[in-house]
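Below, each chain spelled out in residue letters.
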Protein chains: 2
Amino acid sequence: MQSLTIRFAPGGGPLYRQLYAALRAEIAAQRLSAGEKLPGKRRLAADLGVSVNTVDAAYGMLAAEGYVEAHARSGFVVCRLDSLPAPAAPVPAPAEAPPAPFLYDCATASIDTTLFPYKTWRRIQQDVLARAPEFLNHGHRQGDEELREAVATHLREYRAVRCGAHQVVIGAGIEYLLGMLARLLCRETFAVEDPGYARTARILHNNGVRAAFIPVDRRGMDTAALAASGARVAYVTPSHQFPTGVTMPVQRRYELLRWAEDGRFLIEDDYDSEFRFDTRPLPSLQGMDGAGRVIYIGTFSKSVAPAIRIAYMVLPETLLGRWRDEFGFYSCTVSRFEQQTLARFLQGGHFARHLGRLRVAYRGRRDALAAALRAQLPGVRLDGLHTGLHLLATVPCGLSPAQMERAAADNGVRCNALADYYAAGAPENAPPAMVLGYAGLPEAAIPGAAAALRRAWLGD
Amino acid sequence: MQSLTIRFAPGGGPLYRQLYAALRAEIAAQRLSAGEKLPGKRRLAADLGVSVNTVDAAYGMLAAEGYVEAHARSGFVVCRLDSLPAPAAPVPAPAEAPPAPFLYDCATASIDTTLFPYKTWRRIQQDVLARAPEFLNHGHRQGDEELREAVATHLREYRAVRCGAHQVVIGAGIEYLLGMLARLLCRETFAVEDPGYARTARILHNNGVRAAFIPVDRRGMDTAALAASGARVAYVTPSHQFPTGVTMPVQRRYELLRWAEDGRFLIEDDYDSEFRFDTRPLPSLQGMDGAGRVIYIGTFSKSVAPAIRIAYMVLPETLLGRWRDEFGFYSCTVSRFEQQTLARFLQGGHFARHLGRLRVAYRGRRDALAAALRAQLPGVRLDGLHTGLHLLATVPCGLSPAQMERAAADNGVRCNALADYYAAGAPENAPPAMVLGYAGLPEAAIPGAAAALRRAWLGD
């Protein structure tokens, strides 16, 4: 080969890297072509006035990347490289639409961040980190034993769920667990509530599962329609149907359990049962199940914070073996630091106290919102007040639900119409109600929000 | 109805709960039967010597649960309830087999927890919690902007990945992201490396995707076999093939990119590229791709800790729209507290320094292990030394790989044979190598581990 001319730049980094880059550029430009030998290391080092180590390192990098190959007798030889089209310049990020500015947030996914137990959480977090070596490596695939035990204890005491820690699976959000269930339960048709969470059907869909939409009446999912649907699994929210707020009475629960007995499954999503204000919480559907047909799922999104992605499911004994066979190899998706922090938060009684404070705060907010709506909107009908973090308001104002939603937005209030939660649009007999979440609405903002809704819907 | 006899127990909890439980038991036992009226509240209160509020609360609970119904004229009436079989007693947890005790952990999934940056992590974690209100509610669905920006910057600088933050998706582990990709890429056949991560094929399988196993030669995935497989997506580990340790040379990379140009995709798993000891890290395959066919994925499991479930993928612009349409509605699966902690750890330069320290520690360990193995096992051949956190050892000892694994376990060493990583058992020409991870093996334990392997494999 011809002699190489390399110009070393004083500020250009280590010499071996400069040499490597120069040689690579020669090869890419085919000034050093396939089959050609690189100069011997000692000779090149002498030519360039650098150490043999420098040349050695540069040749090593070229060889590791496949630009050259070491041959036993002839030293390093340039490899044949097919040329590729020049890489395209990276496309700049498209500007994302900024979130619309709302004065009043009545969406159902928000919480009041001022109620978060900062001090306790910080103290526990530090305790956990101080013991960190135990928690740095992979943990149990269903979630850390301490957390599963604490969750099982809480569910037994507060929700009459009958379970042991061995049945609990911790996961990063209900969406994640639901996707897992869709795949676990053999891609059968799932019955979902209509109206209901739109996401449930989408999650099922992109896990290859068909959703059958079953109407909700004033007792919850319609069991006759369920039986006719051919579904093998039903996803229900019996404590507080989302979004209608219906609590499923015990007779309907028995009907569902009887339906499930024949090799079918119920998924009970108990997403906000912690927030029951006027009566004690209902025992869970799972606790009434003697046949192992109910999968119970819940989340700490509303009771701690949405930012902490910790949800759980309780599998019946009948499904545990199948889950372990098919999903037991997955690592748990939740950070062990946060699992341990939450476990201690539960074990130390902090969670029960925190829930007590949340209930008082949210009940006050619900009472204030109900009073303000009644004062501002004559003839308003309020439903679903007894539990959860949202209510339904039906206002005789002559506007369609879509018009009401738009008018609310124009007046600074973010909220949804009940009609939004139907899979195929609201049926004609659906109540023209609006869904108003109040967890993210500070009490001081409530009179303003109600006045804005009056302007939006009654026009004065 | 007959008069009710209720015995209140002094330590039995609030009176209204005792009354509720007693009435519920009467209904369940059908001593109060369907259609029967409950006594008027005032009369029952007087009969029992309790306040009307107590009776009111108990009746309210029964009504909420559907045991009774309020009728306009006749007060509360008992509902018709079908009986159900008595619930089964909960099954006690089956005893789980305790993990086998190993003196020396040469599995590839462990890390050395003493190297974790406790002080910095704790300080940053506290900073984040002090600013918590911003981070308590739902964040961006692809992950927090700060973390995506920090990851993109890191990947551009250290791995020559060409990307912006808008292409990054944060998720709770590579397993989670890979499952998402399986569903995103339309359930086509995925080509996977053989030998390779057994989990990859299992994840694909339970997402409904067929895995085609493609042999790995000394340059990585065999492109002729790939072309013949009919696969539309190939999952590769070009920086450091797992478990063989092969680094894919640039020519083979070009072949793969050319294969992908025709509407196909490559998933580049760069799982441990941070740990390259003797040469600079190779630029990523993604950085050579001009056609938007490479999805780059990586994890902080090895560079920070497995307990922190944070992985990421960089989607090509060609896939971003499809991802947002189909998966954009999912909440990010990683806690925002930990996303923000990691973002600051990266932005503050702590991660780069931490990686530097890890590299020094792990290189020392690799050198010590290689020296100890060479001293203890005459004729040993070591491969895959230049990068990653494991090496391959081929020992001429006359034992089969399975026998070597068992003998190692009998002598207190946990390790796997290369043969374990083949989908359908090792082919006849596969090297009889053992895979020895050293990240979880403290340097002081290395002489003992090598001596134990000598006893296991050479019998003296």
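Overview of the structure. (Residues numbered from 1 in each chain as written. Chains lettered and ligands numbered in written order. Predicted model: local features only at pLDDT ≥ 70, side-chain atom pairs only at ≥ 80, totals over all residues. Heavy atoms only, no water.)

Brief notes about the packing of aromatic side chains
So, step 1. On inspection of all chains with the given rule, the structure shows 31 aromatic pairs over all chains.
So, step 2. On the numbers, 5.1 Å between centres and 70° between planes, the contact of F116(A) with Y118(A) is edge-to-face. As far as the burial class goes, F116(A) and Y118(A) line up, both buried.
So, step 3. Grouped by ring-pair contacts, the aromatic residues F116(A), Y118(A), W121(A), F300(A), Y312(A), F345(A), F351(A) and F337(B) constitute a single cluster.
So, step 4. A cation over an aromatic ring shows up here: R293(A) above the ring of F265(A), its NZ or CZ 4.1 Å from the ring centre. (Phe/Tyr/Trp six-rings, centres within 6.5 Å; stacked < 30°, edge-to-face > 60°. Buried < 20%, exposed > 50% of the residue type's maximum accessible area, 1.4 Å probe, protein only. Lys NZ or Arg CZ within 6 Å of the ring centre and 35° of its normal.)

A word on helix α4 (residues 118–130) of chain B
So, step 1. The end-to-end C-alpha distance of α4(B) is 18 Å, a good match for the 18 Å that 13 residues give at a rise of 1.5 Å each.
So, step 2. For α4(B), the set of buried residues is Y118(B), T120(B), W121(B), I124(B), Q125(B), V128(B) and L129(B). One side of α4(B) carries all its buried residues, which in axial view fall inside an arc of 165°. Away from its buried face by more than 90 degrees, α4(B) exposes K119(B) and A130(B).
So, step 3. Buried positions along α4(B) lie against α4 (118–130), α5 (133–136) and α12 (336–347) of chain A together with α5 (133–136), α12 (336–347) and α13 (350–376) of chain B. (Helix = DSSP H or I, 4+ residues; strand = E, 2+ residues; numbered from the N terminus. Expected span 1.5 Å × (residues − 1). Arc of directions from axis to C-beta. Contact = heavy atoms within 4.5 Å.)

What to know about the interface of chain B and chain A
So, step 1. Across the boundary between the two partners, chain B contributes 93 residues, which contact 92 residues of chain A.
So, step 2. In this assembly, chain B and chain A are joined by two salt bridges.
So, step 3. Taking the shortest distance from any N to any O, the salt bridge between R219(B) and E69(A) comes out at 2.6 Å.
So, step 4. For the pair chain B and chain A, the interface holds 22 residue pairs in polar contact (both at pLDDT 80 or more).
So, step 5. Here the element with the most residues in the side of chain B that touches chain A is α4(B); it accounts for seven residues. (Salt bridge = Lys/Arg side-chain N within 4 Å of Asp/Glu carboxyl O. Polar contact = N/O pair within 3.5 Å; in protein donor to acceptor, adjacent residues only side chain to side chain.)

Structural notes on the relation of the copies chain B and chain A
So, step 1. When chain B is fitted to chain A, the best match, at an RMSD of 0.3 Å, comes from turning it 180° and sliding it 0.0 Å along the axis. Viewed as a symmetry operation, the transformation between the two copies matches a two-fold axis.
So, step 2. Both copies share a contact surface, since 99% of the interface residues of chain B are interface residues in chain A too. (Least-squares fit on C-alpha atoms with pLDDT ≥ 70 in both.)

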